[in-house]
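A closer look at the structure
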Amino acid sequence: MSKTIAINAGSSSLKWQLYQMPDESVIAKGIVERIGLNDSIFTIKYGDGQKFEQILDIKDHEVAVQMLLDQLIELKIIASFDEITGVGHRVVAGGEYFKDSVLIDDDVLAKIEGLSEFAPLHNPANAMGIKAFRHILPNITSVAVFDTSFHATMPATNYLYSIPKEYYDKYSARKYGFHGTSHRYVSERAAELLGKPIEETKIITAHIGNGGSVTAVEGGKSVDTSMGFTPLAGLTMGTRSGDIDASLLPYIMEKAGISDINEMIDVLNKKSGVLGLTGISSDMRDIETGAEEGNEEAILALDIYCDRIRKYIAQYISVMNGVDAIVFTAGVGENADPVRRMVLENMTWFGIEIDEEINKSIHGKEAELSTENSRVKVYVIPTDEEVMIARDVERLGK
């Protein structure tokens, strides 16, 4: 038996789960928030509902990691650092270097940092987490698990943009896709629920949270996905615009007096989506409440949000020439029953039918929503990206 820690490092946060492997039982989990800011929040959940929380100033990720490891011993969750034999790090962008999870060495770390231009908000933070653990626990198995690697199986038909080919050849300009660890987990679980080898399945996975993406998974492999070169493309999201005509950008910039393209991209990333459409919130719960109260902008935003998800699902039925199951996951997908209903209610031509009473009752737990008459199974499957990270550490550490 070994212990593996799965790490998801953000620019000012460090989310983690400690697993007993290979049985995948969670020993402890927690998050360090506001790293580098005043009043950092340090939380550990463990045992039988026990919780440790402390508010203090944590100046950087290395201090956060050291505090985390020390507190695991202080709380007697582990007896010594030697019990932790592996650490897995979520890394957002793997570019074309990384088609699978890899053991981390100096060259891998340098490549991760070099790929920061593909994910400037994420890869530098992911690298900080890696460096912190390598400094404090230099001898344990260290693995990078990439959001993009699951989508490395997409054919060129689906990952190339219709722009001069030299931009791909010289600059790697192409669709990469994201949320890969989540799409991989829920598609594998859906195959289990279908009772079929995953190699014989066609599954559409909808990872719908504040960010969102839909993926066509055929035979266990991603063949197309809605996010693109960056996580900005695809669906209407909480604050991201999703797909947009590129020619609209210079038009808006001229009219709005925006001179810097980075400022315009910031608008599309942080001030658009349902937040931009309503001015209310980026949180779907607030949008649903507004719609229920008759707010016309909220009603329209909810319609647009669901419309974009529905269109990608329908598109991917065509890409795979059929579908065995549709899976909803992540914060909105697992909890927002009106969204699931609205996405699927105009898809009855495909033979998709859900039990609305079951749909209304499902929030954050695994369930089948489809009726006996539905030709397509519909599932809610809570995602577990951390356990996929732990599994890859176990696989590569052998």
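How each quantity is defined
- Residues numbered from 1 in each chain as written.
- Predicted model: local features only at pLDDT ≥ 70, side-chain atom pairs only at ≥ 80, totals over all residues.
- Heavy atoms only, no water.
- UniProt positions renumbered as here; feature names shortened; annotations may be inferred.
- Axes fitted to C-alpha atoms, helices over the stretch in contact; angles between N-to-C directions.
- Helix = DSSP H or I, 4+ residues; strand = E, 2+ residues; numbered from the N terminus.
- Parallel < 35°, antiparallel > 145°, perpendicular 65-115°, else oblique.
- Contact = heavy atoms within 4.5 Å.
- Nonpolar A, V, L, I, M, F, W, Y, C, P; charged D, E, K, R; others polar.
- Buried < 20%, exposed > 50% of the residue type's maximum accessible area, 1.4 Å probe, protein only.

Per an unreviewed UniProt entry, the protein is named Acetate kinase, and its organism is Enterococcus malodoratus ATCC 43197. Regarding the protein, the UniProt comment filed under Subunit (unreviewed entry) reads as follows: "Homodimer." Heading Subcellular location (unreviewed entry) of the UniProt record for the protein holds this comment: "Cytoplasm".

Looking now at the packing of helix α6 (residues 180-194) against helix α15 (residues 385-396). For the pair α6 and α15, the least separation of the axes is 9 Å and the interaxial angle reads 90 degrees. With respect to α15, the element α6 is oriented roughly perpendicular. The residues of α15 that touch α6, namely those facing Thr181, Ser182, Arg184, Tyr185 and Glu188, are Glu385, Val387, Met388, Arg391 and Asp392. Partitioned by chemical class, the residues of the contact of α6 with α15 number 3 nonpolar, 2 polar and 5 charged.

Turning next to the UniProt feature "binding site: substrate" (unreviewed entry) in the protein. As annotated by UniProt and renumbered to match this structure, "binding site: substrate" (unreviewed entry) occupies Arg90. Along the chain, the position of Arg90 falls in strand β6 (residues 84-91). Given the relative accessible area of 18%, Arg90 is considered buried. Once residues within four sequence positions are removed from consideration, Arg90 is found in contact with Ile7, Asn8, Asn126, Val145, Asp147 and Ile389.

Geometrically, the link from Met21 to Pro22 is a cis peptide bond, its omega value of 10 degrees lying close to zero. Examined against the element boundaries, Pro22 turns out to sit in the loop between β2 (14-21) and β3 (25-33). Residues other than glycine seldom take positive phi values, yet Glu24 does so here, at roughly 65 degrees. The topology assignment puts Glu24 in the loop between β2 and β3.

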